[in-house]
Amino acid sequence: MSPDSYLVGLVGSGIAPSLSPALHEREADRQGLRYLYRLIDIAALGVPPERTGELVRSARAMGYDGLNITHPCKQQVLAHLDALSPQAEALGAVNTVVFEGDRAIGHNTDVTGFAASFARGLPDAPLERVVQLGAGGAGAAVAHALLGLGAGRLTVLDAVPERAAALAASLDRHFGPGRAASADLLDIADRTAAADGLVNATPIGMAAHPGLPLPADLLHPGLWVAEVVYRPLETALVRTARLLGCPTLDGGGMAVYQAADSFRLFTGREPDTARMLADIAALTSAR
């Protein structure tokens, strides 16, 4: 394609509701770029996650400039890339692939996306003791972001205890011993009572998975609450926490900042995040 034309896509399962195409294409239009963002839904195509590598190779052969990668392909894609950014290598997950000539380079903008959103939305939040719900792909990215921001002690809880333990062990290896730990969900009351902040990195709160990820009576005004879900922008957790007087952070900022970082990697252009934040507010309210 010409220097001002870009073809990118999103590979994942059940991605029809994604706002990534609109976020990328709106910003590209404002910058005078020809930018086509396609959805490559493995569920609709009947393709298992194990064939992610074939999709990446096909996209490169078809002239794509890059791909975003989402659940359940963020780990599957690793073996099919030529190089990883330090962030993606540390995390063991990729959400952005950039094609540079014959090479496919993996990046992870979920980490930087959450970090930027947190710094903007909760700039003065205490970080000595943080509880995180969820140890999947999004959870790993959020955990790296929190410890990178200076969280003193991060406790990870997950419906699969082994997954929480594995993430905590990986974080300790990367950030130093004692920075992360896992705990049983049965201990959630004690953990949240003593915490400065709580992050929900589970799918609970999405339109397809409504509800709260923990009992409402465990929330208290001394707790800040952050969310990664952005459809809806005001999840049950964010709404309940706000009513209790907790400082809150919705998932819209992470969605925008990770998209902005991917846009920069694809185009070399600097995105206007303020405009993109306005976009996601308009898009989520419209839908």
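Residues numbered from 1 in each chain as written. Predicted model: local features only at pLDDT ≥ 70, side-chain atom pairs only at ≥ 80, totals over all residues. Heavy atoms only, no water.

Caption draft 1: Structural context of the environment of E234. Position of E234 relative to the elements: it lies in the loop between β11 (224–227) and α9 (236–243). One polar contact links E234 to R242, side chain to side chain, over a distance of 3.3 Å. (Helix = DSSP H or I, 4+ residues; strand = E, 2+ residues; numbered from the N terminus. Polar contact = N/O pair within 3.5 Å; in protein donor to acceptor, adjacent residues only side chain to side chain.)

Caption draft 2: Broad picture of helix α3 (residues 52–61). Of all the positions in α3, only T52, G53, L55, V56 and A59 are classed as buried. Along the long axis of α3, the arc covered by the buried residues comes to 160 degrees, so they all point the same way. For α3, the secondary structure elements touched by its buried residues are β1 (5–12), β2 (34–41), α2 (42–45), β3 (66–69) and β5 (96–100). (Buried < 20%, exposed > 50% of the residue type's maximum accessible area, 1.4 Å probe, protein only. Arc of directions from axis to C-beta. Contact = heavy atoms within 4.5 Å.)

Caption draft 3: Up close: the sheet that holds strand β6 (residues 103–107). Ordered in space as β2-β1-β3-β5-β6-β4, the six strands form an open sheet in which the pairing is mixed. Among the strands making up the open sheet, the edge pair consists of β2 and β4 (83–84). Judged from the five bridges that link them, β5 and β6 form a sheet pairing that is antiparallel. Note on β6: the bridge partner recorded for T96 is H107. Running over the sheet, helix α1 (residues 20–30) touches β2 and β3 and is turned about 170 degrees from β2. (Pairing = 2+ DSSP bridges. Axes fitted to C-alpha atoms, helices over the stretch in contact; angles between N-to-C directions.)

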